[in-house]
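# Structural description and commentary
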Amino acid sequence: MASVARVMASVARRGVMGWTATAQTLPALCRRSYSSVGGVDHQHTRTARVDELTSHSRPGVPTPSNDLQAELAAFSARIGVQFVNDTTLLEAITFHSRNRQFNNLRLAVLGQSTLQQWATEYCFVHYPRLPKAALVDLQTHAISDSTAAKAAARVGLQHVLQTKPKTLAETDRCQADGLRAMVGAVLLDQGSVAARQFCRTVLQEELASLDVGQFVRLAHPKLLLSHLLKAQQRPAPEMRVLDESGRLTHLPTFRVGVFAGDTMLGEGTSYSIKKAEAAAAQDALLSQFGDELASSPLPSDLDDYRPEDQINLRATPSEE
């Protein structure tokens, strides 16, 4: 505060010219004085805190054994990521139950956000006709504990997780959180492009094997199919019994196909013809809604990404 007082005294002596000369100095002095109120330099404290968080000698960082270092090297080779900062990798595999000061809780939060963004874009692009409710359910399943745990087990993440007791690493929740923390670690160490590629590496196979039909819930499949075919200017749907058995028994079975002209769109089986027709319509709708573009890249993966209104695919007239 003494520095500010000296500046104000100088202004009083020099008048307006003195104020003009010192106007730019005063705010900096005020900030410097404010940061030192109470004898504490808050700016220095914040800087020291950042240095502590990013330092390789953070408190509580364990020294990995030779066996663990070998396992981490093998794991890095499996996932195709060579970490620049080994401490970040060690943090990603260390759970709170093992080390209360140095663990992967924060990395798991960061990784979950990255996983969610990638999975949402993947589902949106690869299932372009999926209804909103089914798309939300599919995206939720894609980042669930069960899906993440299967993906983690596929790359052997459970073998390097540091938990207490060790058997905790075999649970789905632990493996899922470990995968999320690993995504966060790759993001911090390698950047967003590498993090997205890691998501694709560990999750794409799991998502590609999903039965999308389990996420589609249609209350009126026959009505919706009729409207869909009409919008596409195709023949109206026609139900045909393809096979049946036990019509006059207590356990009849009917297999019904739904056709648009001569093309069969789907089929369904049930103990009643009406339910079999509904199942056939549902099957036909899934073939419409569940179209996959497995070979198409995600928009954010394209180096030359541009908005649709900036892309011109019209032929350029040749000069005569």
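Below is a summary of the structure that appears in this document.

## Some remarks on the pattern of salt bridges
With the rule as written, the count across this model stands at 11 salt bridges. Its salt-bridge partner being aspartate 145, residue arginine 180 comes within 2.7 Å of it at the nearest N-O pair. Of this pair, arginine 180 sits in helix H10 (residues 172–190) while aspartate 145 sits in helix H9 (residues 145–154); the two residues are 35 residues apart in sequence, bridging distant segments of the chain. Exposure remark for aspartate 145: the relative accessible area of 27% places this residue in the partly exposed category. Note that arginine 180 and aspartate 177 form a salt bridge whose closest N and O atoms lie 2.8 Å from each other. Taken together, the residues span about one helical turn, with arginine 180 and aspartate 177 both in helix H10 at a distance of three residues. Aspartate 177 shares its class with arginine 180; the two are buried.

## Section: the packing of aromatic side chains
This structure, assessed with the given rule, holds one aromatic pair. Residues tryptophan 118 and tyrosine 122 carry aromatic rings whose centres are separated by 5.2 Å and whose planes lie at 25° to one another, so their mutual orientation is stacked. Of the two residues, tryptophan 118 and tyrosine 122 are both situated in helix H7 (residues 105–126); the distance of four residues between them amounts to about one turn of the helix. Judged on exposure class, the residue tryptophan 118 and its partner tyrosine 122 are both buried. The ring of phenylalanine 259 is capped by arginine 240, whose NZ or CZ atom sits 4.1 Å from the centre of that ring.

## Digging into the nonpolar core
Ile93, Leu157, Leu179, Met182 and Phe198 are the most contacted members of the largest nonpolar core, which has 51 residues in total. It is H10 that contributes the most residues to this core, eight residues altogether. Dropping the residues within four chain positions of it, phenylalanine 198 is found in contact with Ile79, Val81, Leu179, Met182, Val183 and Val186. Counting residues in hydrophobic clusters, the runner-up holds nine residues, among them Leu229, Val258, Ala260 and Ala280.

About the thresholds
Residues numbered from 1 in each chain as written. Predicted model: local features only at pLDDT ≥ 70, side-chain atom pairs only at ≥ 80, totals over all residues. Heavy atoms only, no water. Salt bridge = Lys/Arg side-chain N within 4 Å of Asp/Glu carboxyl O. Helix = DSSP H or I, 4+ residues; strand = E, 2+ residues; numbered from the N terminus. Buried < 20%, exposed > 50% of the residue type's maximum accessible area, 1.4 Å probe, protein only. Phe/Tyr/Trp six-rings, centres within 6.5 Å; stacked < 30°, edge-to-face > 60°. Lys NZ or Arg CZ within 6 Å of the ring centre and 35° of its normal. Core = buried A, V, L, I, M, F, W, Y, C linked by side-chain atoms within 4.5 Å. Contact = heavy atoms within 4.5 Å.

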